[in-house]
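Residue-level structure breakdown
These are the residues of each chain, in order.
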Amino acid sequence: MFTFYIKGDEGKRVLCANMYPSAVLFRTLMCFRSPSTYATLLNSGNVIRRNSLQFARNKSSDKDSLLEKYYVAKQAYEANLPPPEVNPLGVFANNELNLSEVEVYGFDYDYTLAVYKESLHFLIYDLGKDWLVNKFKYPEDIRKLTYQPGFAIRGLHYDMQKGILMKIDSFHQIQFESVYRGLTQLKKEEGARLKQLNDLFSVPEICLLSNVTEFFEKNNIAYHPEILSYDIQNAVQSIHPVMHKMLNEQSISKFLEKHPDMPKFLNRLKAAGKKMFLITNSPFKFV
């Protein structure tokens, strides 16, 4: 942890960051606009003091001790918030990039050029549910299961052997409060063979997977988590042609969010002589 005390026109500021001093200095310079602040920052009279997190020096392998260290490090990481001068809508890059040198721009379609409404998740869920019953002969009562918005997010992991859903943080640690079997939260569970559900279309898939698991658990129906996962994945993927037909000119406004700035952006690239291309697995007529 590096703590910098900076005196400038705006008064005394404190910036804390978990990064190398040069990176902190660069980001700080970018945040202050006043020339006098630059001069003051680079002046040798400023105080730049380096602090480091103090962890216990004992080498005990005790589980509680390691867990405590983990949470200390996690809290320090989460406390590293950007200074108020940083634009939350800004685009940041590790390396400087001159866009005037980029001649070709490529775009994905789903959730890049096309921003879908949550109503599409309801549609995917219902179509996938019907596919399970009609094609895979799942119990008829599966049709009664309803989509639950807000239950699932993208990026969750599914344990293919134990049939549990969980969230893994940036430290690759399982967040125990996020471990579920179906819709039932578990106190503690460890993952084994994990499958990540990482795109936005996976949100209704996760909800369907959890609802069907909950249905089987509550009704004491034997099932294999891995086969169930493959069945639901197959069902959701199989209904895409049906979904494409349903999203026609008459109904598209119900599922697609119109972004007013998108045409401006694309026309700006075109006016600058840039070439553009689109990559998608959706049919041409649908796009």
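Criteria and cut-off values
- Positions within a chain are numbered from 1, following the residues in the order the chain's sequence is written.
- Local features in this predicted model are restricted to residues whose pLDDT is 70 or higher, and side-chain atom pairs enter the listing and the counts only when it is 80 or higher, whereas totals over whole chains, interfaces and linings include all residues.
- Derived side-chain values reflect all non-hydrogen atoms in the structure, with water molecules and hydrogen atoms excluded from consideration.
- Numbered from the N terminus, helices here are DSSP runs of H or I no shorter than four residues, and strands are runs of E no shorter than two.
- Burial classes: relative accessible area under 20% of the type maximum marks a residue as buried, over 50% as exposed, and values in between as partly exposed (1.4 Å probe, protein chains only).
- Salt bridge criterion: a side-chain nitrogen from Lys or Arg within 4 Å of a carboxyl oxygen from Asp or Glu.
- Interaxial angles span 0 to 180 degrees and are taken between N-to-C directions of axes, which are lines fitted to C-alpha atoms, for helices over the stretch in contact.
- Each angle receives one of four descriptions, namely roughly parallel if under 35 degrees, roughly antiparallel if over 145, roughly perpendicular if within 65 to 115, and oblique otherwise.
- Crossing handedness is defined as follows: a turn of the near helix away from the far one that is anticlockwise and smaller than a right angle gives a left-handed crossing, while the clockwise case is right-handed.
- We call two residues in contact whenever any of their non-hydrogen atoms come within 4.5 Å of each other.
- Gly is put with the polar residues, along with every residue not named as nonpolar or charged; the nonpolar set is Ala, Val, Leu, Ile, Met, Phe, Trp, Tyr, Cys and Pro, and the charged set is Asp, Glu, Lys and Arg.
- Working definition: rings of Phe, Tyr and Trp (its six-membered ring) pair if their centres are within 6.5 Å, and the pair is stacked with planes under 30 degrees apart, edge-to-face with planes over 60 apart, and tilted otherwise.
- By definition, being over a ring means that NZ of Lys or CZ of Arg is both within 6 Å of the ring centre and within 35 degrees of the ring normal.
- Every residue is assigned a pLDDT by the predictor, reflecting its confidence on a scale from 0 to 100.
- Helix span, expected: 1.5 Å multiplied by one less than the number of residues in the helix.
- For two strands to count as paired, DSSP must find a minimum of two bridges between them.

**Observations concerning unusual backbone geometry**
With phi around 60°, Lys-137 is a residue other than glycine that occupies positive phi space. The topology assignment puts Lys-137 in the loop between helix H4 (119-134) and strand S6 (156-159). The exposed category is assigned to Lys-137, whose relative accessible area is 65%. The phi dihedral of Asn-220 falls on the positive side, at around 55°, and the residue is not glycine. Within the secondary structure layout, Asn-220 lies in the loop between helix H5 (202-218) and helix H6 (225-238). The exposure class of Asn-220 is exposed, given its relative accessible area of 71%.

**Regarding the pattern of salt bridges**
Taken as a whole, this structure holds six salt bridges when the rule is applied. Taking the shortest distance from any N to any O, the salt bridge between Arg-143 and Asp-130 comes out at 3.2 Å. Residue Arg-143 is found in the loop between H4 and S6, and its partner Asp-130 is found in helix H4; the two are separated by 13 residues along the sequence. The partly exposed category is assigned to Arg-143, whose relative accessible area is 30%. Residue classification places Asp-130 among the partly exposed residues on the basis of a relative accessible area of 29%. A salt bridge links Asp-261 to Lys-264; the nearest nitrogen and oxygen atoms lie 3.8 Å apart. Owing to a relative accessible area of 57%, Lys-264 belongs among the exposed residues under this scheme.

**Topic: the packing of H4 against H6**
Interaxial distance between H4 and H6 falls to 8 Å at its minimum, and their mutual angle equals 120°. Judged by the angle between their axes, H4 and H6 are oblique. For the pair H4 and H6, the sense of crossing is right-handed. Across from Ile-124, Gly-128, Trp-131 and Leu-132 in H4, the residues of H6 making contact are Asp-231, Ile-232, Asn-234, Ala-235, Val-236 and Ser-238. The residue inventory of the contact of H4 with H6, partitioned by class, reads six nonpolar, three polar and one charged.

**What to know about the packing of aromatic side chains**
With the rule as written, the count across this model stands at eight aromatic pairs. Considering the side-chain rings of Phe-151 and Tyr-180, the 5.6 Å spacing of their centres and the 85° angle between planes classify their relative orientation as edge-to-face. Taken together, the residues span a long stretch of sequence, with Phe-151 in the loop between H4 and S6 and Tyr-180 in strand S8 (residues 180-181) at a distance of 29 residues. Residue class for Tyr-180 comes out partly exposed when judged on its relative accessible area of 23%. By the ring-pair criterion, three or more aromatic residues cluster together here, those being Tyr-138, Phe-215, Phe-216 and Tyr-223. Sitting over the face of the ring of Trp-131, Lys-135 holds its NZ or CZ atom 5.4 Å from the ring centroid.

**Some details on the confidence of the model for the protein**
Regions with low pLDDT should not have their predicted coordinates read in detail. On average, residues of the protein score 76 in pLDDT, and 73% of them reach the 70 mark or higher. When mean pLDDT is compared element by element in the protein, H4 scores highest at 94, while strand S3 (residues 48-50) scores lowest at 39. Ignoring residues within four places in sequence, the model shows residues 1-57, a span with pLDDT below 50, making 82 contacts including any to other chains.

**Thoughts on H6**
Counted at 1.5 Å a residue, the expected span for H6 with its 14 residues is 20 Å, and the 20 Å between its end C-alpha atoms agrees. Buried within H6 are the following residues: Pro-225, Glu-226, Leu-228, Ser-229, Asp-231, Ile-232, Ala-235 and Val-236.

**Brief notes about the pairing of S6**
On S6, burial covers both faces: Leu-156 and Tyr-158 on one face and His-157 and Asp-159 on the other are all buried. Here S6 pairs with strand S7 (residues 164-166) via three bridges, running antiparallel. Looking at the pairing, His-157 lines up with Met-166 of S7. Where S6 folds back onto S7 in an antiparallel hairpin, the turn is made up of four residues, including Gly-163, whose phi is positive at roughly 70°.

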